Amino acid sequence: MLTTIFLALVAAFILTVIFSPLFIPLLKRLKFGQSIREEGPKSHMKKGGTPTMGGVMILLSILVITLIIQAVKMEFSTEAFLLLLVTIGFGLLGFLDDFIKITKKRNLGLTSKQKLAGQLVIAFIFFLVLNNGNFDTSVSIPGTSWSLEFGWFYVVLVIVMLVGASNAVNLTDGLDGLLAGTGAIAFGAFAVLAWNADMGEAAVFASTVVGAVLGFLVFNAHPAKVFMGDTGSLALGGAIASLAILTKLELLLILIGGVFVAETLSVIMQVLSFKLRGKRIFKMSPIHHHFELTGWSEWRVVVTFWAVGMVCAVLGIYIEVWV
């Protein structure tokens, strides 16, 4: 099992690193450049035109490696199908969003209602396939022997997790290497936990994502040569939520994905504060922009968030494995 997990990670990394230098020039020729929002930090304006939709490279690596592993096993498991369904499905939504932004030369792609509708459809299909067997609808409370039985209400939890995580991860994708680094750390934690729970399919898939994301980070680290766009961020958010569901670590996702949760809460707090009090809490949200505007360099913000993500991942593993 450990050999397969390691090989999946290495293979996905190598495939992404090999594929990226071929794909990035294509994005440049097609003029698939990033549009920078005018209300964002002024230092980001120089990033305008940097190739985006690089998430395609991540998705292709995940898809190819996963299919190869299933072919070697000579079977296609339900777990692999569900993980690919959400990852590729959400990735296609992100691709449409990115494509509209690029062709329309604006920073807004799909409307929020269109994006939500697509996410809901994919999440519901995920639940229908998941619930086709005798899937456990209880939710364990981390660090305790207690659990809550959700019954039919579990479908609501599944939808909230998939939609919420994809949007939370999407918000985190705002600085060079920020999401790639924090994403690799979070998926790495789930690979460890899935392996510890003897859930081979989930462990191999999580490690495949780690390899693909780290391969992408080679080209996405500051100064970024390519951005993953919504193609990558929505896919990664859906993927990590589906992993948490399949491994029955639903609540632990909140801790392991602590950086994503903080980014989302900062946006919610900012909006509510401005609507209710007419004042902003942060200089700008999501919170990574706040630290930028206080004088931190982009690299300092990214490395700090990586460190926070690592602490969250280690705590999550500790609580699940040793507490």
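This text gives an overview of the structure that appears in the document. Everything numeric here is computed off the predicted structure, so don't read it as measured data.

### Description of the overall build of the chain
Item 1. Broken down by element type, the chain carries 12 helices and 2 strands.
Item 2. Counting helices and strands in the order they occur from the N terminus, the chain gives α-α-α-α-β-β-α-α-α-α-α-α-α-α.
Item 3. In summary, the chain has a C-alpha radius of gyration of 19 Å against a globular reference of 20 Å for 323 residues, a match within 12%.
Item 4. Dimensions along the principal axes, computed over C-alpha positions, put the chain at roughly 50 × 50 × 35 Å.

### Examining the packing of aromatic side chains
Item 1. Following the criterion strictly, the structure yields 10 aromatic pairs and no others.
Item 2. When the centroid spacing of 6.3 Å and the interplanar angle of 10° are considered together, the rings of F95 and F99 count as stacked. Of this pair, F95 and F99 both sit in helix α3 (residues 78-104), 4 residues apart, which is roughly one turn of the helix.
Item 3. On the basis of relative accessibility, which here comes to 32%, the residue F95 falls in the partly exposed class.
Item 4. Between F291 and F305 the ring centres are 6.0 Å apart and the planes differ by 80°, which places this aromatic pair in the edge-to-face class. In this pair, F291 sits in helix α11 (residues 287-293) while F305 sits in helix α12 (residues 298-321), placing the two residues 14 residues apart along the sequence.
Item 5. Overall, F305 belongs to the buried group, its relative accessible area being 9%.

### Comments concerning empty space enclosed by the protein
Item 1. Inspection of the entire model under this criterion finds 1 cavity of 30 Å³ or more.
Item 2. Of the voids in this model, the largest cavity is the one considered here, and its volume is about 30 Å³.
Item 3. The dominant element in the lining of the largest cavity, judged by the number of residues it contributes, is helix α6 (residues 178-196), at 3 residues.
Item 4. Across the lining of the largest cavity, the residue classes break down as 5 nonpolar, 3 polar and no charged.

### So, a nonpolar patch on the surface
Item 1. Where nonpolar side chains cluster on the molecular surface, the patch consists of L265, I268, M269, L272, L276 and I281 and spans about 570 Å² of accessible area.
Item 2. Considering the arrangement of structural elements, one finds M269 in helix α10 (residues 258-277).
Item 3. On the accessibility criterion, M269 (39% relative accessible area) is partly exposed.

### Here's the deal with the packing of helix α4 (residues 112-130) against helix α8 (residues 229-246)
Item 1. Packing of α4 against α8 brings their axes to within 13 Å, and their N-to-C directions diverge by 30°. On the basis of their axis angle, the class for α4 and α8 is roughly parallel. Classified by chirality, the crossing of α8 by α4 is right-handed. Taking contact as the criterion, the partners of K115, Q119, F126 and L130 in α4 are, on α8, D230, L234, S242, I245 and L246.

### Focus: the nonpolar core
Item 1. Counting 89 residues, the largest nonpolar core has F126, Y154, L162, L236 and I245 as the members making the most contacts within it.
Item 2. Those residues in contact with I245 that sit more than four places away from it in its chain are F126, L130, F135, Y154, V158, M161, L162 and E250.

### Things to note about the pattern of salt bridges
Item 1. Taken as a whole and assessed by the stated rule, the structure comprises 6 salt bridges.
Item 2. Note that K115 is salt-bridged to D230, the shortest N-O span being 3.6 Å. Here D230 lies in helix α8 and K115 lies in helix α4, a separation of 115 residues in the sequence. When sorted by exposure, K115 lands in the same class as D230, which is buried.
Item 3. Salt bridges here are not isolated pairs; linked through shared partners, they connect D97, K101, K115 and D230.

### Digging into the side chain of S207
Item 1. One can find S207 in helix α7 (residues 200-220).
Item 2. Overall, the relative accessible area of 2% leaves S207 in the buried class.
Item 3. Apart from residues lying up to four places away in sequence, S207 is in contact with I5, A8, L9 and A191.

### Quick word on the side chain of S138
Item 1. Structurally, S138 can be placed in strand β1 (residues 138-140).
Item 2. Apart from residues lying up to four places away in sequence, S138 is in contact with S147, L148, E149, F150, Y154, K248 and E250.

### Comments concerning α6
Item 1. Here α6 spans 27 Å end to end across 19 residues, near enough to the 27 Å set by a 1.5 Å rise per residue.
Item 2. For α6, the buried fraction is high: 15 of the 19 residues fall into the buried class.
Item 3. D198, located one to two residues past α6, shows a positive phi value of around 60°.

Rules and cut-offs
Residues numbered from 1 in each chain as written. Predicted model: local features only at pLDDT ≥ 70, side-chain atom pairs only at ≥ 80, totals over all residues. Heavy atoms only, no water. Helix = DSSP H or I, 4+ residues; strand = E, 2+ residues; numbered from the N terminus. Rg over C-alpha atoms; globule rule 2.2 N^0.38 Å. Phe/Tyr/Trp six-rings, centres within 6.5 Å; stacked < 30°, edge-to-face > 60°. Buried < 20%, exposed > 50% of the residue type's maximum accessible area, 1.4 Å probe, protein only. 1 Å grid on protein atoms, 1.4 Å probe; cavity = no way out; pocket = protein on both sides within 12 Å on 5 of 7 lines; lining within 4 Å. Points joined across faces, edges and corners; volume = space filled by probe spheres on them. Nonpolar A, V, L, I, M, F, W, Y, C, P; charged D, E, K, R; others polar. Patch = residues over 30% accessible without salt bridge, like charges linked within 9 Å, V, L, I, M, F, W, Y side chains within 5 Å. Areas by Shrake-Rupley, 256 points an atom, 1.4 Å probe, with all protein chains shown as cover. Salt bridge = Lys/Arg side-chain N within 4 Å of Asp/Glu carboxyl O. Axes fitted to C-alpha atoms, helices over the stretch in contact; angles between N-to-C directions. Parallel < 35°, antiparallel > 145°, perpendicular 65-115°, else oblique. Left-handed = near helix turned anticlockwise from the far one by under 90°. Contact = heavy atoms within 4.5 Å. Core = buried A, V, L, I, M, F, W, Y, C linked by side-chain atoms within 4.5 Å. Expected span 1.5 Å × (residues − 1).

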